[in-house]
Amino acid sequence: MTASHILLLIGAYFLVLVLISYVTGRNDSNADFFKAGKQSPWFVVAFGMIGASLSGVTFISVPGWVEASEFSYMQVVFGYLFGYFVIAFVLLPIYYRLNVTSIYEYLQERFGPVSYKIGALSFFISRVLGASFRLFLVAIVLQQFVFDAWNVPFELTVILSILLIWIYTFRGGIKTIVWTDTLQTLFMLVSVGLSIYFINQKLGWTFTEFLGSEELKEYSTIIFTDNFFAKNHFVKSFLGGMFITICMTGLDQDMMQKNLTCRNLGDAQKNMVSFSVILIAVNFVFLLLGALLFIYAERFDVAIPLMDGAPKSDLLFPEIALNSGLGSIVASTFILGLIAAAYSSADSALTSLTTSFCVDFLGIEKKEQHTQKQLRKRVHIGMSVLLVLVVISFKYILDRNVIDGLLTVATYTYGPLLGLFAFGICTRYKIKDKLSWVVAIACVLIIMLVTNLPAEMLGGYEVGYEVLPVNGLLTFLGLWLIRKPKK
């Protein structure tokens, strides 16, 4: 598939998104941009959230993880399921009771303005980095397989990618995204299904024969319990997955903003429970695809593509889909799936960052009515520029598998959020609000120090994603130390 054909396909795809944006964004009000008028059907939100949760990181990076880590990622996914139930039955009732636009308004009511700003800032940093990870992944694929052929610099690729998102989100915001996410999820799942079908066909297998093959058994170990000190031990992965979900979904304005567009709490809970069960099956299919890619690469001598002179397993899926002779159907659906997966999370991230900055930092709802819309639009442009700068910087500093990098960053930035919300929900104490920023910064610095210690200094123990609940626990204990006595 040529670079020109890929660009035509991307152009047609975005024309569809712009059309959806035109229909859903005609009102162009802040109420629709931030909350979609609280009229979204729960099943539409649930289906769209599959794509937003998986994103381009799952689409490419999870299959690329299989060679080194087999199916150990499923241990994290099982933890996700429990985390989603906590969100549905503990956090969502709080958000609906308070009728918040930004979920961090809970911290304002519970503790005060400093804790509120800390929560919002933790989200802001987390989401900027998370969205940038996802956009970086799709940008390097487009660069490697499209724009390098025309000598277009990586920086321009990033600018064009984010400009396209801005075009179809600047009017409708979350109201547009609820519907574009549905289309993007469909494209992504179709792409994965067709890729598995055609790769099996090329290998001379039916899907059933692939599942029973000796080659798959080399990659398909799910549960790892031999060495508790290892990073991928089941308990550490499960707990890490559960708390990553609670933080990266339940305490994340991006993901919760979609849930808050449902008509009522009951619909939001139905959305969350149904979506969480489906997500387990979908993640398992992605791991099957990853095993299939490495089997195919070994059978047909496909080398893992290089990036800056080093093998990059994240690029194996696009290499096979686009350059190994599987045909135009696989190539076309891969491009559509990749773009859908990447932008289904990046577009909502841009909208949620705009929402959080407007509500949490600028207090937009307290501004003069006639200035609110223009302020929102200026912030939307500012967030787009910020994402461009961060994504470009990743090209020069990122040296690991993208999904591993994303989850590692989450262990740092979401810890203060976890501790603040846990203390607010599990205790009745007020705190010395002006000291909460000291607790948050101290805990993050401690966690960064511990996670960067060599395993030899910890008796061979490899720190994994379980450090996120530890970070939250440290924050909880720090807040306990600055609590006010009960009156």
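Read on for an overview of the structure. Source: prediction; values computed, not measured.

**With respect to the overall build of the protein**
Assigned secondary structure in the protein consists of 20 helices and two strands. For the protein, whose C-alpha radius of gyration is 22 Å, the value lies close to the compact-globule estimate of 23 Å for 487 residues. By principal-axis analysis of the C-alpha atoms, the protein measures approximately 75 × 60 × 40 Å. Taken across its 487 residues, the protein has 60% of its residues classed as buried. Expressed as a percentage of contacts within the protein between residues at least 6 apart in sequence, the contacts between residues at least 24 apart total 86%.

**Considerations on the environment of leucine 362**
For leucine 362, the location among the structural elements is in the loop between α15 (328-361) and α16 (369-397). Residue leucine 362 is classed as partly exposed on the basis of its relative accessible area of 28%. C-alpha of leucine 362 to C-alpha of arginine 376: the two residues are 14 residues apart in sequence and 9.9 Å apart in space. Setting aside its immediate chain neighbours within four residues, leucine 362 contacts Phe357, Lys367, Leu375 and Val379.

**Looking at the packing of helix α13 (residues 265-299) against helix α14 (residues 316-323)**
Here α13 crosses α14 at 60°, and the two axes come no closer than 10 Å. In terms of crossing hand, the pair formed by α13 and α14 is left-handed. Only Leu316, Phe317 and Ile320 of α14 make contact with α13, whose side of the interface consists of Leu289, Leu293, Phe294, Tyr296 and Ala297. By residue class, the composition of the contact of α13 with α14 is eight nonpolar, no polar and no charged.

**A closer look at the packing of helix α4 (residues 73-98) against helix α11 (residues 234-250)**
Each packed pair of helices is defined by two parameters, the angle between the axes and the distance between the axes. Two elements in contact, α4 and α11, have axes separated by 7 Å at closest approach and are oriented at 35°. Relative to α11, the crossing made by α4 is right-handed. In this structure, α4 contributes Gln75, Val76, Phe78, Gly79, Tyr80, Phe82, Gly83, Tyr84, Val86, Ile87, Leu91 and Tyr95 to the contact, and α11 contributes Phe234, Ser237, Phe238, Gly241, Met242, Ile244, Thr245, Ile246, Thr249 and Gly250. Looking at the contact of α4 with α11 residue by residue, the classes come out as 14 nonpolar, eight polar and no charged.

**Digging into the packing of aromatic side chains**
Where two aromatic rings form a pair, the distance of their centres and the angle of their planes describe that pair. Inspection of the entire model under this criterion finds 25 aromatic pairs. On the numbers, 5.5 Å between centres and 65° between planes, the contact of tyrosine 13 with phenylalanine 187 is edge-to-face. Taken as a pair, tyrosine 13 in helix α1 (residues 3-24) and phenylalanine 187 in helix α8 (residues 174-203) lie far apart in primary sequence, 174 residues in all. The exposure class of tyrosine 13 is buried, given its relative accessible area of 4%. Among the aromatic residues, those joined into a ring-pair cluster are Tyr13, Phe14 and Phe187.

Cut-offs applied
- Residues numbered from 1 in each chain as written.
- Predicted model: local features only at pLDDT ≥ 70, side-chain atom pairs only at ≥ 80, totals over all residues.
- Heavy atoms only, no water.
- Helix = DSSP H or I, 4+ residues; strand = E, 2+ residues; numbered from the N terminus.
- Rg over C-alpha atoms; globule rule 2.2 N^0.38 Å.
- Buried < 20%, exposed > 50% of the residue type's maximum accessible area, 1.4 Å probe, protein only.
- Contact = heavy atoms within 4.5 Å.
- Axes fitted to C-alpha atoms, helices over the stretch in contact; angles between N-to-C directions.
- Left-handed = near helix turned anticlockwise from the far one by under 90°.
- Nonpolar A, V, L, I, M, F, W, Y, C, P; charged D, E, K, R; others polar.
- Phe/Tyr/Trp six-rings, centres within 6.5 Å; stacked < 30°, edge-to-face > 60°.

Interpretation in functional terms is not warranted from these geometric data alone.
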